Amino acid sequence: MKNKPIIRILVIALIFTIFLVDSVSALGISPGSVTIEYEPGTQREIGLKIINNEEKDMRIELKVEGDLAEYITLPQELIVFAPTEKEKIITATLNLPENIETPGTHTTKIIAIELPKEVESTDTFIGATVGVVSKIFILVPYPGKYAEGKLKIIPGDVNETTKFILEVLNFGTDNINEAKATINI
């Protein structure tokens with residue numbers, strides 16, 4: 001079989017990677033996600049807690065990626081932990097523009113990546129490391145009326161009533177004063 005040497009190389013690389021991961025520390029970020037309703041031109045501060053779970057020397061690189069990354073400013077791109085420091089709090093600033101043309105949910109991520117001791121930046125790094133993400137969801141309303149429904153079914157025991165709960169969420173710019181639903185079984 002022609003693929004045996006390639007498979008052996010991949011297995012050896014996987015085993016090597018597993019041993020490298022052992023040197024990676026535990027890292028945390030809180031909150032895991034934040035949801036913000038879009039308001040044109042507003043500024044909002046988002047507090048993030050970076051957690052050093054193993055209480056050791058470590059350097060953390062912060063990055064912003066996603067749909068609206070250009071509107072988020074971080075106070076610093078590198079955080080340095082001493083072994084005595086369990087957590088650090090940073091404040092990211094979100095400056096929303098006057099107009100976002102595409103309605104819906106826009107996802108942006110603040111990523112915290114542990115840098116190995118010998119590496120200056122993850123831009124020039126090949127290897128295994130740990131990274132955690134805090135997601136920021138910006139809800140931009142649709143023009144006019146726009147509703148989405150979520151159906152929850154609560155089954156009853158034998159010979160008991162089953163409950164159907166329909167939650168209607170308005171993601172449009174216009175109010176929805178009345179809504180009706182029909183469930184056919």
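It should be emphasised that the depicted structure is a prediction, and the values quoted were computed from it without experimental measurement.

A. Representation of the nonpolar core. Membership of the largest hydrophobic core comes to 27 residues, with the highest contact counts inside it found for I50, I60, L62, A112 and I138. Contributions of two or more residues to this core are made by β1 (27–30), β2 (33–37), β3 (43–52), β4 (58–66), β6 (78–81), β7 (87–95), β8 (104–115) and β9 (131–140). Looking at this core element by element, the count peaks at four residues for β9. What A112 contacts, discounting residues up to four positions off in sequence, is L27, I29, I50, I60, E61, L62, V130, G131 and V132.

B. Geometry of the layout of surface pockets. Size it by volume and the second largest pocket reaches roughly 240 Å³. For the second largest pocket, the full set of lining residues is E37, Y38, G104, T105, L139, V140, P141, Y142, E148, N170, F171 and G172. Elements with a minimum of two residues in the lining of the second largest pocket: β8 and β9. Of the residues that constitute the lining of the second largest pocket, the class distribution is six nonpolar, four polar and two charged.

C. Local environment of the pattern of salt bridges. Enumeration according to the criterion identifies four salt bridges in this entry. Its salt-bridge partner being E167, residue K152 comes within 4.0 Å of it at the nearest N-O pair. Of the two residues, K152 is situated in strand β10 (residues 147–154) and E167 in strand β11 (residues 163–170); the sequence distance between them amounts to 15 residues. A residue is classified by how much of its surface remains accessible, and K152, at 45% relative accessible area, is partly exposed. Using a relative accessible area of 32% as the deciding quantity, one classes E167 as partly exposed.

D. The arrangement of the packing of aromatic side chains in detail. One pass over the structure, following the stated rule, counts one aromatic pair. Measuring from ring centre to ring centre gives 3.8 Å for Y142 and Y146, while their planes differ by 20°; the resulting arrangement is stacked. Taking NZ or CZ as reference, K88 lies 5.5 Å from the ring centre of F81, over its face.

E. Spotlight on a nonpolar patch on the surface. A contiguous nonpolar patch, built from L151, I153, F164, L166, V168, I183 and I185 and spanning about 690 Å² of accessible area, is present on the exposed surface. For the nonpolar patch, the elements supplying multiple residues, two or more each, are β10 and β11. With three residues, β11 is the largest single contributor of residues to the nonpolar patch. Within the fold, V168 resides in strand β11.

F. Fine view of the sheet that holds β4. One open sheet holds the five strands; their spatial order is β2-β9-β8-β4-β6, and the pairing between them is mixed. Two strands in the sheet have a free side with no partner beyond their single neighbour: β2 and β6. Each strand of the sheet is rotated relative to its neighbour by a mean of 20°, with strand direction disregarded.

G. Structural detail: the sheet that holds β3. If you walk across this open sheet you meet the four strands as β1-β3-β7-β5, and the pairing is antiparallel. Looking at strand neighbours, the two that pair on one side only are β1 and β5 (72–73), the edges of this open sheet. In terms of strand pairing, β1 meets β3 through four bridges, oriented antiparallel. Each residue of the ladder has a partner; that of S30, found in β3, is K49.

H. A look at the side chain of N52. Mapped onto the secondary structure, N52 falls in strand β3. For N52, a relative accessible area of 1% gives the class buried. Those residues in contact with N52 that sit more than four places away from it in its chain are A26, M58, F81, A82, E85 and K86.

Analysis parameters
Within any chain, residue numbers begin from 1 and follow the written order of that chain's sequence. For a predicted model such as this one, the threshold for reporting local features is a pLDDT of at least 70, and the threshold for listing and counting side-chain atom pairs is 80 or more; totals across whole chains, interfaces and linings nevertheless cover every residue. The side-chain values count all of the structure's non-hydrogen atoms but skip hydrogen atoms and water molecules. Among buried residues, the Ala, Val, Leu, Ile, Met, Phe, Trp, Tyr and Cys ones that are joined through side-chain atoms within 4.5 Å form a nonpolar core. To sort residues, take the accessible area from a 1.4 Å probe on protein chains only and compare it with the maximum for the residue type: under 20% means buried, over 50% means exposed, and anything in between is partly exposed. We count a stretch as a helix when DSSP gives it H or I for four or more residues in a row; a strand needs E for two or more, and each element gets its number in order from the N terminus. When checking whether two residues touch, look at their non-hydrogen atoms; a contact exists if any pair is within 4.5 Å. Whether a set of points on the 1 Å grid over the protein atoms alone is a cavity depends on a 1.4 Å probe fitting there but being unable to get out, while an open set qualifies as a pocket with protein on both sides within 12 Å along at least five of seven lines; lining residues are those with an atom within 4 Å of a point. Grid points are joined across faces, edges and corners, and a volume is the space filled by probe spheres set on the points. Any residue that is not Ala, Val, Leu, Ile, Met, Phe, Trp, Tyr, Cys, Pro, Asp, Glu, Lys or Arg is counted as polar, Gly included; the first ten are nonpolar and the last four charged. Any Lys or Arg side-chain nitrogen located within 4 Å of an Asp or Glu carboxyl oxygen qualifies as a salt bridge. Aromatic rings from Phe, Tyr and Trp, taking only the six-membered ring of Trp, are treated as a pair when their centres fall within 6.5 Å; an angle between ring planes under 30 degrees marks them as stacked, one over 60 as edge-to-face, and anything in between as tilted. Charge-over-ring contacts are defined here by two conditions on Lys NZ or Arg CZ: a distance within 6 Å of the ring centre and an angle within 35 degrees of the ring normal. Any residue with relative accessible area above 30% and no salt bridge may belong to a patch, with like charges joined within 9 Å and the nonpolar Val, Leu, Ile, Met, Phe, Trp and Tyr side chains within 5 Å. Residue burial considers only the protein chains on display, and all accessible areas are found by Shrake-Rupley using a 1.4 Å probe. Strand pairing follows a simple DSSP-based rule, namely that at least 2 bridges must link the two strands. Angular values range over 0 to 180 degrees, each being the angle between N-to-C directions of two axes fitted as lines to C-alpha atoms, with helices fitted over their stretch in contact.

Note that every value here comes from positions in space, so none of it alone points to a role or purpose.
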